[in-house]
There are 2 protein chains.
Amino acid sequence: MNVKNSYTLADVALRAEVSEITVSRVLRNKASVADKTRERVLAVVRQMGYVPNRVAGTLASAGSNLIGVVLPSLSNIVFPDVLRGIHASLASSGYQPVIGVTDYDMNTEEELVASLLSWQPAAMIVSGLHHTDYTVAMLKRSGVRIAELMDIDSPPLDIAVGMSHRQAGYDTAMHLHKRGYRRFGYVGHDRERDERAARRYEGFREGLQALGLSLIGEATLDGPSSTQAGRELLGQLLAQHANLDVVVFSNDDMAVGGVFHCFAAGIKPREDLALFGFNGLDIGQALPQPLSTILSRRFLIGKTAAEMILQSPDYPGQPTICDTGYDIVEGETA
Amino acid sequence: MNVKNSYTLADVALRAEVSEITVSRVLRNKASVADKTRERVLAVVRQMGYVPNRVAGTLASAGSNLIGVVLPSLSNIVFPDVLRGIHASLASSGYQPVIGVTDYDMNTEEELVASLLSWQPAAMIVSGLHHTDYTVAMLKRSGVRIAELMDIDSPPLDIAVGMSHRQAGYDTAMHLHKRGYRRFGYVGHDRERDERAARRYEGFREGLQALGLSLIGEATLDGPSSTQAGRELLGQLLAQHANLDVVVFSNDDMAVGGVFHCFAAGIKPREDLALFGFNGLDIGQALPQPLSTILSRRFLIGKTAAEMILQSPDYPGQPTICDTGYDIVEGETA
DNA sequence: CTGTTAGCGCCTTCAG
DNA sequence: CTGAAGGCGCTAACAG
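Treat the numbers as computed from the prediction; the structure is a model and nothing was measured.

Draft legend 1. Structural view of the environment of Ser-142 of chain A. All names here are of chain A. With respect to the helices and strands, the residue Ser-142 is situated in helix H7 (residues 133–142). Residues Ser-142 and Ser-6, 136 residues apart in the sequence, show an inter-C-alpha distance of 32 Å. In this structure the side chain of Ser-142 is engaged in a polar contact, spanning 2.7 Å, whose partner is the backbone oxygen of Leu-139.

Draft legend 2. Region of interest: the interface of chain A and chain B. With 63 residues of chain A at the interface, the matching set in chain B holds 62 residues. For the pair chain A and chain B, the interface holds zero salt bridges. Joining chain A to chain B, the criterion identifies eight residue pairs in polar contact (both at pLDDT 80 or more). Among the elements that take part in the side of chain A that touches chain B, strand S2 (residues 96–101) of chain A stands out by supplying six residues, more than any other. Looking at the side of chain A that touches chain B residue by residue, the classes come out as 36 nonpolar, 21 polar and six charged.

Draft legend 3. Seen up close, the relation of the copies chain A and chain B. Relative to chain B, chain A is turned by 180° and slid 0.2 Å along the rotation axis, the superposed coordinates differing by an RMSD of 0.2 Å. Look at the turn and shift together and you get a two-fold axis relating the two. Considering only C-alpha atoms, the part of chain A nearest the rotation axis is Val-98 of chain A, at 2.4 Å. The overlap is high: 98% of the interface residues of chain A also sit at the interface in chain B, so the same surface is used on both sides.

Draft legend 4. Quick look at the sheet that holds strand S3 (residues 123–127) of chain B. Residues and elements named next belong to chain B. Across the sheet, six strands lie side by side as S2-S1-S3-S4-S5-S11; this open sheet has parallel pairing. Each of the sheet's edge strands pairs with one partner strand only, and the pair in question is strand S2 (96–101) and strand S11 (320–323). Each neighbouring strand pair of the sheet contributes to a mean axis angle of 15°, computed without reference to strand direction.

Draft legend 5. Highlighting the protein's contact with DNA strand D. The immediate surroundings of DNA strand D are formed by 25 residues, with Ser-32 and Thr-37 of chain A together with Leu-9, Ser-24 and Tyr-50 of chain B found nearest. If you look at DNA strand D and keep only atoms within 4 Å of the protein, 68% of those are sugar or phosphate atoms. In the environment of DNA strand D, a base oxygen lies 3.5 Å from a nitrogen or oxygen atom belonging to the backbone of Leu-59 of chain A. At 3.3 Å, a backbone N or O of Ala-60 of chain A approaches a base oxygen of DNA strand D. Looking at the surface near DNA strand D, the elements that each hand over two or more residues are helix H2 (20–28) and helix H4 (54–61) of chain A together with helix H2 (20–28) and helix H4 (54–61) of chain B.

Draft legend 6. Examining the side chain of Thr-135 of chain B more closely. Along the chain, Thr-135 of chain B falls in helix H7 (residues 133–142). The class of Thr-135 of chain B is buried, set by a relative accessible area of 0%.

Draft legend 7. Up close: the side chain of Arg-231 of chain A. In this structure, Arg-231 of chain A sits in helix H10 (residues 227–240). An unpaired buried charge is present at Arg-231 of chain A: no salt bridge exists, and Glu-232 of chain A, the closest side chain of opposite charge, is 7.3 Å distant. Not counting chain neighbours up to four residues away, the residues in contact with Arg-231 of chain A comprise Met-254, Gly-257, Gly-258, Phe-260, His-261 and Ala-264 of chain A together with Ala-286, Leu-287 and Pro-288 of chain B.

Draft legend 8. Structural context of helix H1 (residues 9–16) of chain B. Residue and element names in this part refer to chain B. Taken together, the buried positions of H1 are Val-12, Ala-13 and Ala-16. Considered in projection along H1, the buried side chains sweep an arc of 100° and stay on one side of the axis. Those residues of H1 that are buried are in contact with H2 and helix H3 (35–48). Of the residues one or two after H1, Glu-17 is the one with positive phi, at around 60°.

Here is what the cut-offs are and how they apply
Residues numbered from 1 in each chain as written. Chains lettered and ligands numbered in written order. Predicted model: local features only at pLDDT ≥ 70, side-chain atom pairs only at ≥ 80, totals over all residues. Heavy atoms only, no water. Helix = DSSP H or I, 4+ residues; strand = E, 2+ residues; numbered from the N terminus. Polar contact = N/O pair within 3.5 Å; in protein donor to acceptor, adjacent residues only side chain to side chain. Contact = heavy atoms within 4.5 Å. Salt bridge = Lys/Arg side-chain N within 4 Å of Asp/Glu carboxyl O. Nonpolar A, V, L, I, M, F, W, Y, C, P; charged D, E, K, R; others polar. Least-squares fit on C-alpha atoms with pLDDT ≥ 70 in both. Pairing = 2+ DSSP bridges. Axes fitted to C-alpha atoms, helices over the stretch in contact; angles between N-to-C directions. Near = heavy atom within 4 Å. Buried < 20%, exposed > 50% of the residue type's maximum accessible area, 1.4 Å probe, protein only. Lys, Arg positive; Asp, Glu negative; His and termini not counted. Arc of directions from axis to C-beta.

As structure tokens, then:
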């Protein structure tokens, strides 16, 4: 496929009148090389525009600078934020992320993990704590560190970085109760696929139960979250249950849609109906009345995971659970 | 770095009582292998959980299944959308994207291109038509197909897929003039870094000039676009120029911020002040009054670029410019 | 249909 | 400080 037109170490060595290994050492700042030799080599490298072949390097040294990253989705800003965090830590380290996207499908995840592992990555970063048995087997056998992101509600394979979504759901109920709300509604999306939304929902219902309350009505979409869906579902929910005083949404995308429904229907957020989201997206905070929500620290999750891997890249490392926590954002809609 | 605990072709070959090359052929569905042999080999592979080492495979065959993708940013949904398009085309092809993010910095781009090329990718996908000389040299010398995305306002290296941002800016002026607007304002972000925003701005001003009009006022931020920035800048602009009848924003994020400013300040979009964006993001269309904007076809751009590469992966292919066009979305804010 | 031979480009190890 | 030999795991090319 590739035209064989690129230079090799041997070409550089020939022109610089040294051996291949000397060029290799210069390029990797390894061992000691005389300054004069180094400069001569570097001059030749620049002049030829030589680019090392890392494929060969990886094969020879049995270790790449790639980090496999498996994310469920890129449709929403949440995972790009995680990715930015990963990038931020990796930027100056020489490591390079290789991304795969599962669309919340565990079999796709399995294929991606196999495919990424075949590149001999230095570490793997995956999302969530649930995977197929074969995925788990491959990851364990790979001998590299594994970071599982977003969630800490189940035991991790190695490193887990994230927050308790169950607790966040529970705290949502408590927080809203403390603010005086009693008649709860819920608007959500596909919990089969989005496990973390499911954990929050469960925690939320547990919270209500602990308070001696229950959910008066809910509207749930059998698909991914979106602003448009949140807008429509809130309309449907209110048509059935006009007497709610607060509606909790599965995330901010949905909640912003809810706010838009209120605008269009002449409902005053908080005054007439309180709205509560999850994620703490910019868009919610830029609304005329900032959205009341829970801020998940997505950038921090990615950044922390990559840092932990860089810190002790060797497997097996110390198994760790890192709780990045969350903030309740008071906002003005609840 | 990696523990040497994974099986090799030789291990599989030994257990299946065939030669390495036979295992290799079975795994790649290459050449003809007797059904009986194939089954025996596959059984052993599954039982051992053997995962091929693509690093070695790539070195031996001088061709990887990786496609280097260099994007300027992931902070906004635009480039994740492009990435989804790329994924969509690549999904069943066996190719795998490797992502780099430049933060709109050309030197970072240069480093990333070098780093990605060192993995012997089957193709490279980059953003925009302007790169450092060294980046261009490396790309040309790589011998793989190069797709430059988003923009078709300058001559491409190989394949260009995108739209004319200059034309979009020009058409914005024409469209708004036709709708009766005469007193134009502009709210924008860092044009030094975001070239395409700069092209649109230029085209917009050219359009105004062709109409015998000029920009009455503008507010520009020396940083990346955001909803919050759009909101604040519109406030500032109106404080200085109260008599505008339409404001064009550098993109939808900024424009949605503008709409939020209007909500907060009691200004009725369109009736009191028209607002116009660029991108056609979901969020703008989910507003109580859908944003008037130009829809860029981001998913299509990524999808088309990847398809074109798959269609004729060999370099040099036919140099091509593919105009994915755009739609003016009438909306209700202009 | 199956096997043998000879590298791919680089890095590790061991000598100078 | 520099070099020579050998091999990483796989596959192209050529036998049988």
